[in-house]
Amino acid sequence: MIPMTPISHFAINVDDFEAAKSFYQQAFSWEYQKWGPPGFVQIVEDGQVVGAIQRRRELEPGLRLNAFECTIAVPDVDATAAAIVSAGGRILLPKAVIPTVGALIFAADPSGNVFGAMQYD
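It should be emphasised that the depicted structure is a prediction, and the values quoted were computed from it without experimental measurement. For every chain, the first residue of the written sequence is number 1, and numbering continues from 1 along that sequence. Note on the predicted model: pLDDT of at least 70 is required for a residue's local features to be given, and 80 or more for side-chain atom pairs to be given and counted; whole-chain, interface and lining totals, by contrast, use all residues. Side-chain metrics in this entry use all non-hydrogen atoms of the structure; hydrogen atoms and water are not considered.

### Brief notes about the overall build of the chain
So, point 1. The secondary structure content of the chain amounts to two helices and ten strands.
So, point 2. Here a strand is any run of E in DSSP of at least two residues, a helix any run of H or I of at least four, and the numbering for each starts at the N terminus. Listing every helix and strand of the chain by position from the N terminus yields β-α-β-β-β-β-β-β-α-β-β-β.
So, point 3. We compute the radius of gyration over the C-alpha atoms and compare it with the globule rule, which gives 2.2 Å times the number of residues raised to the power 0.38. For the chain, the C-alpha radius of gyration of 15 Å lies close to 14 Å, the compact-globule estimate for 121 residues.
So, point 4. Judged by the C-alpha coordinates and their principal axes, the chain covers about 45 × 30 × 25 Å.
So, point 5. When accessible area is computed with a 1.4 Å probe and restricted to protein chains, residues below 20% of their type maximum are described as buried, those above 50% as exposed, and intermediate ones as partly exposed. The buried share among the 121 residues of the chain stands at 36%.
So, point 6. Contact criterion: two residues are considered in contact whenever any of their non-hydrogen atoms come within 4.5 Å of each other. Nonlocal contacts in the chain, meaning residues at least 24 apart in sequence, comprise 45% of its contacts between residues at least 6 apart.
So, point 7. Accessible area of the chain: about 7,400 Å², with a carbon and sulfur share of 56%.
So, point 8. Neither His nor the chain ends contribute to the count of charged residues, in which Lys and Arg are positive and Asp and Glu negative. Here the site of a charge means NZ on Lys, CZ on Arg, CG on Asp, or CD on Glu. On the chain, the mean spot of the 8 positive side-chain charges and the mean spot of the 13 negative ones are 7 Å from each other. Accessibility throughout is a Shrake-Rupley quantity obtained with a 1.4 Å probe, and a residue counts as covered only by protein chains that appear here.

As far as function goes, none of this settles anything; it's purely spatial.
What follows is the structure in structure tokens.
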């Protein structure tokens, strides 16, 4: 059994990247720092990264994320992937390594809810 862990990261998937950044800055006074690929910024509060805004993408054909995307911190992403499949979920994005961050998977629960699991470096 994988130990329960908190949500460690959230990302907002958007179609109009610049408009979304402007909206959240005006509505919540969010500040950003560039990081990673184009169309991705980290949301920074009091010097801490609290989330991200990113261009919308498809994790599999026809599955566009249209919500806040949550990622759960896990101690072992491979064991978590196996536990997800064993419990009736699906792996949508196999393990991908993000240099200096960790290993990430995306999965769906039996109801189709999508989430990430990250083994941080």
